[in-house]
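A closer look at the structure
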Amino acid sequence: MKKIIALIFVLTTLFSASAFAKQPDPTDFFAGKWKIMVAGTPNGDVTFATNLIRKDGVLTGQLKIVGDDSLPLVDISKVEDDSEKVVLYFTIQGYDVNVELNKVDSDNLKGSLMGMFEAKGARVKE
């Protein structure tokens, strides 16, 4: 009987530990690949493929305009993030711009580019 109780205890502990290990770190919610769509810019609707990486506790990354492979990757110069929103700063076509995105749910963001153009983000699942 003691062996059965010990086995149940060990199995319960293992399952509990694996369940906690699979949950994402909330401080890394914004880290990863995102597709950000911006509507109504002077150049029409634009989609950015964005990759955010946390280095030494700070988010950094690059983005690329989807649909034009001739354009180079754009470095994100600054990222401000907290538990509910992220603000990305970058220079594109000679303009310093920012996009502020707020959490909608675990895989979606909503906000604006420069406070003027509607932006939506969706997590890219690999």
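This write-up is about the structure you can find in this document. All residue numbers refer to position in the chain's written sequence, counted from 1. Residue-level local features of this predicted model are given only where pLDDT is at least 70; pairs of side-chain atoms are given and counted only at 80 or more, and the full residue set underlies all totals for whole chains, interfaces and linings. For the side-chain quantities, the full set of heavy atoms in the structure was used; hydrogens and water were omitted.

For the rest of this paragraph, the subject is the overall build of the protein. Numbered from the N terminus, helices here are DSSP runs of H or I no shorter than four residues, and strands are runs of E no shorter than two. Helix and strand content of the protein: 1 helix and 8 strands. Tracing the protein from N to C terminus, the helices and strands come up as α-β-β-β-β-β-β-β-β. Counted over contacts in the protein with a minimum sequence separation of 6, partners at least 24 positions apart contribute 30%. Computed with the Shrake-Rupley method and a 1.4 Å probe, the accessible areas treat only the protein chains shown as cover for residues. Here the protein has roughly 8700 Å² of accessible surface; of this, 59% comes from carbon and sulfur atoms. The contact rule is simple, with two residues in contact once any of their heavy atoms fall within 4.5 Å.

Here we come to the side chain of Asp-107. Within the secondary structure, Asp-107 is located in the loop between β6 (95-105) and β7 (108-113). Those residues in contact with Asp-107 that lie beyond four places of it in its chain are Trp-34, Gly-121, Ala-122, Arg-123 and Lys-125.

Moving on to the pairing of strand β5 (residues 85-92). Pairing between strands requires that DSSP locate at least two bridges from one strand to the other. Both strand β4 (residues 74-81) and β5 contribute to a ladder of 5 bridges, which runs antiparallel. If you follow Ile-76 over to β5, its bridge partner there is Phe-90. The pairing of β5 with β6 spans 8 bridges and is classified as antiparallel. Bridge pairing in β6 links Val-86 to Leu-101.

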